[in-house]
Amino acid sequence: MAWNPKGGPFGGGGGGGGGPWGGGSSGSPPPDIEEMLRRSQERFKRFLPGGMGGGRTLLLVVVGIAALWLATGFYRVQPGEQGVELLFGKFVKTTTPGLNYWFPAPIGDVLKPNVEVTNQITVGFRGSTESTRGSTTRDVPQESLMLTGDQNIIDVDYVIQWRIKNAADFLFNIRDPEGTVKLAAESAIREVMGQTNLEEALTLKRQDVDQQTKELLQQILDTYGAGVFIAEVKQLKVDPPGEVIDAFNDVQRARQDKERSVNEALAYRNDIVPRAKGEAARTIQGATGYKEKVVRDAEGEADRFNSVYEAYKTGKEVTTRRLYLERMQEVLGSTQKVIIDSGGTGQGVVPYLPLPELQKRSQEAKP
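About the thresholds
Here the residue numbering is sequential within each chain, running from 1 through the sequence in written order. Local features in this predicted model are restricted to residues whose pLDDT is 70 or higher, and side-chain atom pairs enter the listing and the counts only when it is 80 or higher, whereas totals over whole chains, interfaces and linings include all residues. The basis for every side-chain value is the complete set of heavy atoms in the structure, and neither hydrogens nor water enter the calculation. Confidence scores labelled pLDDT are given residue by residue by the predictor and lie between 0 and 100. Throughout, a contact is declared for two residues whenever any of their heavy atoms are within 4.5 Å. Helix and strand definitions follow DSSP, with helices as H or I runs of at least four residues and strands as E runs of at least two, each counted in order from the N terminus. For every residue, the accessible area (1.4 Å probe, protein chains only) is compared with the maximum for its type, and the residue is labelled buried under 20%, exposed over 50%, or partly exposed between those bounds. Here a Phe, Tyr or Trp ring, Trp counted by its six-membered ring, pairs with any other such ring whose centre lies within 6.5 Å, and the pair is stacked when the planes are under 30 degrees apart, edge-to-face when over 60, and tilted otherwise.

Explanation requested: the confidence of the model for the protein chain in the structure shown.
Detailed reading of the predicted coordinates is not advisable wherever pLDDT is low. Residues with a pLDDT of 70 or more make up 77% of the protein chain, whose mean pLDDT is 78. Ignoring residues within four places in sequence, the model shows residues 1–26, a span with pLDDT below 50, making 22 contacts including any to other chains.

What follows is the structure, given as structure tokens:
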């Protein structure tokens, strides 16, 4: 519809025209856009410091905002943490504890995982991690039951303690670190148990199983590039399955009785055999000594007889007299003697001096 300066759009009014609805003596002009912009600019200038001009002030505002944005790039890595710097989401480098600077968001980003805290995972049960399991724990048979090297079933509950070794590998090489460590630990201990007999796994080789599992688990995680350090693998409970534990305990008690009987028999043998060997050696030595004595006595008697015989051949009368005297000395030397002179007068008893009795008394009188 064309604009009619003498009337409204509906053709009403006369004598100088009317408003758009007819009526009024003069028309209203359309709004001035330039005037509105100028007034808005004046109002904005009043908020600026010192009322400075627009271009320079705008530059200062932009520079201030940019400085504040750049200042947000400072960050602090706390002790025990490791900084991981990202540029547009891509890993660039790691930083040590202290004050550092990196591109602020959204260009750069910094992750700060704690690399000294020790994390713990339970396998075979859920709940308390104490060495003595209480009523608050729940057994997980699908994790704890495994085969040993002699084809027996064993129930093992254990914990894994681990820390972050390399923050970048830990954050970007594996998606679920805790789940990965847990699955790798199950695989490692099943492999070690599969090479160990049940009896040894329950008694003698528990520490060996822990150490071998730790070493194998570390090798697996290093192969994955997980950036994880395994601090310890510790078995909390190692038993046969609950369904057969009573029968297993009976077998163990029977084995203990057998070992006790064997030990008692060995102790008795170790006591009686050395004594019997000592008696036998003493008897043999006595017999040997007696044999040597008899042989030496016989040889001496033979030599003495030969010497007497040689002397007899050279002087028969003298030798006979000497032999008679020696024999009489042997016979009469240890007897009480009474000398009787059969050719004398009187009663036939010759008084004598009791020399043996006097000698005996003198010996008894000595202190």
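Next comes the rest of the description.
Where do I start with the side chain of S144 in this structure?
Locating S144 in the fold gives a position in helix α3 (residues 141–144). What makes S144 buried here is its relative accessible area of 0%. Every residue in contact with S144, bar those within four places of it in the chain, is listed here: G124, D139, I154, D155, V156 and D157.

Any chance you could explain the packing of aromatic side chains here in plain terms?
In this description, an aromatic ring pair is defined by two values, namely the gap between the centres and the angle between the planes. All chains considered together, the criterion is met by four aromatic pairs. Ring centres 5.1 Å apart and planes at 65 degrees place the aromatic pair W102 and F103 in the edge-to-face group. Judged by its relative accessible area of 10%, W102 falls in the buried class. Owing to a relative accessible area of 42%, F103 belongs among the partly exposed residues under this scheme. Both rings, one in W162 and one in F170, keep their centres 5.9 Å apart while their planes meet at 35 degrees; by these two values the pair is tilted. This pair shows no difference in class: W162 is buried, exactly as F170 is.

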